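Structure at a glance
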Amino acid sequence: SQELTGRRLSAVSHAVGVTMPVYCARAYGGIIEDVDGNRLIDLGSGIAVTTIGNSSPRVVDAVREQVGEFTHTCFMVTPYEGYIEVAEHLNRLTPGSYEKRSALFNSGAEAVENAIKIARAYTKRPAVVAFDHAYHGRTNLTMALTAKSMPYKSGFGPFAHEIYRAPLSYPYRDGLIDKEWATNGELAAERALTVIDKQIGAANLAAVIIEPILGEGGFIVPAPGFLPTLRSWCADNGVVFIADEVQSGFGRTGHMFACEDEGIDPDLIVTAKGIADGLPLSAVTGRAEIMDSPHVSGLGGTYGGNPVACAAALGTIQTLEMDGMLDRAKDIERLMKDRLGRLQADDDRIGDVRGRGAMIAMELVKSGTAEPDPELTKALCAGAHAQGVLVLSCGTFGNILRFLPPLAISDELLHEGLDVLAEVLAGL
Ligand code: PMP
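All values reported here derive from a predicted model rather than from experimental measurement. (Residues numbered from 1 in each chain as written. Predicted model: local features only at pLDDT ≥ 70, side-chain atom pairs only at ≥ 80, totals over all residues. Heavy atoms only, no water.)

This part takes up the site of the ligand. Around the ligand, the surrounding shell consists of Ser 107, Gly 108, Ala 109, Tyr 135, His 136, Gly 137, Glu 211, Glu 216, Asp 244, Val 246, Gln 247 and Lys 273. One of the side-chain N or O atoms of Asp 244 is found 2.7 Å from a nitrogen atom in the ligand. Between an oxygen atom of the ligand and a side-chain N or O atom of Gln 247, the distance comes to 2.8 Å. Relative to its free-state accessible area of 390 Å², the ligand is covered by the protein chains to the extent of 83%. Its residues assigned to classes, the shell around the ligand shows three nonpolar, five polar and four charged. (Near = heavy atom within 4 Å. Polar contact = N/O pair within 3.5 Å; in protein donor to acceptor, adjacent residues only side chain to side chain. Areas by Shrake-Rupley, 256 points an atom, 1.4 Å probe, with all protein chains shown as cover. Nonpolar A, V, L, I, M, F, W, Y, C, P; charged D, E, K, R; others polar.)

Here it is, written out as structure tokens:
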């Protein structure tokens, strides 16, 4: 790994950072094995991508078969069945029983951009609302939607215009000001809707985009009622409601999509990451009349819905549906919340434990306060890494430790990883 680090530093742009200075040789069942033979416990899934587990057997078989048939034709030139099959599954699996269509792309950011294009074409309005702490990508339009400056936006402007930001429901931090804010999402939604109404005006607004559980922003789960109130305001005002489920989708939270827990059906839903077990694929799925509203050939791209990535998605969907994976995500939630809850009871530096399914986080604060503690978070990550446990941090204040284990991980490995974490925390 040291040798590869030397080569990386002379060949790869230094602007591409890495979390751990070890190099992967293979990964399976919640373990990443590095080129020196070290085995790490994977509580990150490549940032919520290998949700069903790395190189999952149905995915490997489907990819091998497809790559031997053809690797690319460009769907816009000579289409193929795999793309259509993925679209059919997406239309079936996403919330809402109305007629839907899907379009496939490569990355989460690219799909978010397309969702905005579609919403603007449909409504013929320019403005888009995103929320505090949001993360939607690193392309120019998605940087504008993303909230956090460092490292995502700083120095990369000017950004796309007609993007506005509204206040989020952040139960832990809202609750420090007034307890009711932590539990009454309708109140937090009214605060956001006042900003939207008064500063933008519904008549100018194409879309509201939100992550049902925020990812990079800190695994924030809005208070109950927040999302349904926003959703119904959008319906009443002809505004397209877009759920960015790039991180929270595809079984991660114990449902196929996090929206299902809120009982809402978005007009458009953006997916990527967990959709294809690591192959680059993303999608926009939604109401047929919205998805069909741009002119013919208005959407597309050379690689969007690549046949090998589609084969991987079909293997992933089969695995999620046939192997009880959604229940497994709920088991992981119980195990992790129990362990982290017990840690929190003994350590007032853990301000909050939250999340759903295999998307769980703890918010670290200075002892006896609610002041974010990014230094402790960094030290805890580094300590866990040194002991062979891969954990990731996130959050606007850099003080959230997030856990995204693959659903293929065993309870034993999870416990081992959490034992290490508890030990490292006790020593800090
Ligand atoms: N939206 C959300 C919610 C995400 O978590 C991410 C990636 N972290 C993106 C969009 C962007 O996805 P990609 O990195 O594939 O462009």
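Further remarks concern the packing of aromatic side chains. For the structure shown, the criterion picks out six aromatic pairs. Between Phe 70 and Tyr 80, the aromatic rings sit 5.6 Å apart at their centres with planes inclined by 65°, giving edge-to-face as the arrangement. Taken together, the residues span a long stretch of sequence, with Phe 70 in the loop between helix H3 (57-69) and helix H4 (81-93) and Tyr 80 in the loop between H3 and H4 at a distance of 10 residues. Both rings, one in Phe 131 and one in Phe 226, keep their centres 6.0 Å apart while their planes meet at 75°; by these two values the pair is edge-to-face. One end of the pair, Phe 131, is in strand S5 (residues 127-131); the other, Phe 226, is in helix H10 (residues 226-236), with 95 residues separating them in the sequence. With respect to class, Phe 131 is no different from Phe 226; both count as buried. A network of ring pairs unites the aromatic residues Phe 70, Phe 75, Tyr 80 and Tyr 83 as a single cluster. The ring centre of Tyr 98 lies 3.7 Å from the NZ or CZ of Arg 287, which sits over that ring. (Phe/Tyr/Trp six-rings, centres within 6.5 Å; stacked < 30°, edge-to-face > 60°. Helix = DSSP H or I, 4+ residues; strand = E, 2+ residues; numbered from the N terminus. Buried < 20%, exposed > 50% of the residue type's maximum accessible area, 1.4 Å probe, protein only. Lys NZ or Arg CZ within 6 Å of the ring centre and 35° of its normal.)

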